[in-house]
Amino acid sequence: MATLFDLVQVYWYLPLIISLISYTIGGAIYRLYFSPIAGFPGPKLAALTLWYEFYHDVVRRGQFIYEVRKMHDKYGPFLLLLVLPAFSPFCS
């Protein structure tokens, strides 16, 4: 029968993987529900990661500013003030 020490030697990476998954899930829950800006409307993917901006800037070749304008029209005027304060002339 394998002892705990034997299992740790064989599966040394499991605590690392479990810790990484727990950290990721905990961070996502915090950002969506407990963060100071969690109450603001907007896409949940944009609240979780920077991949939303990366997709629109890199994959769609600089279309993030137009996506922000669409979010501004959909969610209200305070969105641009939070995300892009340099582009405040877009606010109506």
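Residues numbered from 1 in each chain as written. Predicted model: local features only at pLDDT ≥ 70, side-chain atom pairs only at ≥ 80, totals over all residues. Heavy atoms only, no water.

**Brief notes about the packing of helix 4 (residues 51-59) against helix 5 (residues 64-75)**
Working note: a packed helix pair is described by the angle between its axes plus the distance between those axes.
Thought 1: Direction vectors running N to C along helix 4 and helix 5 enclose 125°, while the axes themselves pass 8 Å from each other. Judged by the angle between their axes, helix 4 and helix 5 are oblique. Contact residues: Tyr52, Glu53, His56 and Asp57 in helix 4; Phe64, Glu67 and Met71 in helix 5.
Thought 2: Considered class by class, the residues forming the contact of helix 4 with helix 5 number three nonpolar, one polar and three charged. (Axes fitted to C-alpha atoms, helices over the stretch in contact; angles between N-to-C directions. Helix = DSSP H or I, 4+ residues; strand = E, 2+ residues; numbered from the N terminus. Parallel < 35°, antiparallel > 145°, perpendicular 65-115°, else oblique. Contact = heavy atoms within 4.5 Å. Nonpolar A, V, L, I, M, F, W, Y, C, P; charged D, E, K, R; others polar.)

**Description of the side chain of histidine 56**
Thought 1: Residue placement: histidine 56 occurs in helix 4.
Thought 2: Given the relative accessible area of 6%, histidine 56 is considered buried. (Buried < 20%, exposed > 50% of the residue type's maximum accessible area, 1.4 Å probe, protein only.)

**A word on the pattern of salt bridges**
Thought 1: Within the structure shown, the criterion is met by two salt bridges.
Thought 2: Between glutamate 67 and arginine 60 there is a salt bridge; the shortest N-O distance is 4.0 Å.
Thought 3: With a closest N to O distance of 3.9 Å, arginine 69 and aspartate 73 form a salt bridge. In this pair, arginine 69 and aspartate 73 both sit in helix 5, four residues apart, roughly one turn of the helix.
Thought 4: What makes aspartate 73 exposed here is its relative accessible area of 54%. (Salt bridge = Lys/Arg side-chain N within 4 Å of Asp/Glu carboxyl O.)

**Observations regarding the environment of alanine 38**
Thought 1: Mapping alanine 38 onto the fold places it in the loop between helix 2 (14-34) and helix 3 (44-48).
Thought 2: The contact partners of alanine 38, leaving out residues within four places of it in the chain, are Arg31, Leu32 and Tyr33.

**What to know about the environment of phenylalanine 40**
Thought 1: Here phenylalanine 40 shows up in the loop between helix 2 and helix 3.
Thought 2: Expressed as a C-alpha distance, the spacing of phenylalanine 40 and glycine 76, which sit 36 residues apart in the sequence, is 10.0 Å.

**Quick look at helix 5**
Thought 1: For helix 5, which comprises 12 residues, the first-to-last C-alpha distance of 16 Å matches the rise-based estimate of 16 Å (1.5 Å per residue) to within 8%.
Thought 2: If you check which residues of helix 5 are buried, you get Phe64, Glu67, Val68, Met71 and His72. The buried residues of helix 5 occupy an angular sector of 150° when projected down its axis, which confines them to one face. With respect to the buried face of helix 5, the exposed residues turned more than 90 degrees away are Tyr66, Lys70 and Asp73.
Thought 3: With its phi angle positive at about 120°, glycine 76 sits one or two positions after the end of helix 5. (Expected span 1.5 Å × (residues − 1). Arc of directions from axis to C-beta.)

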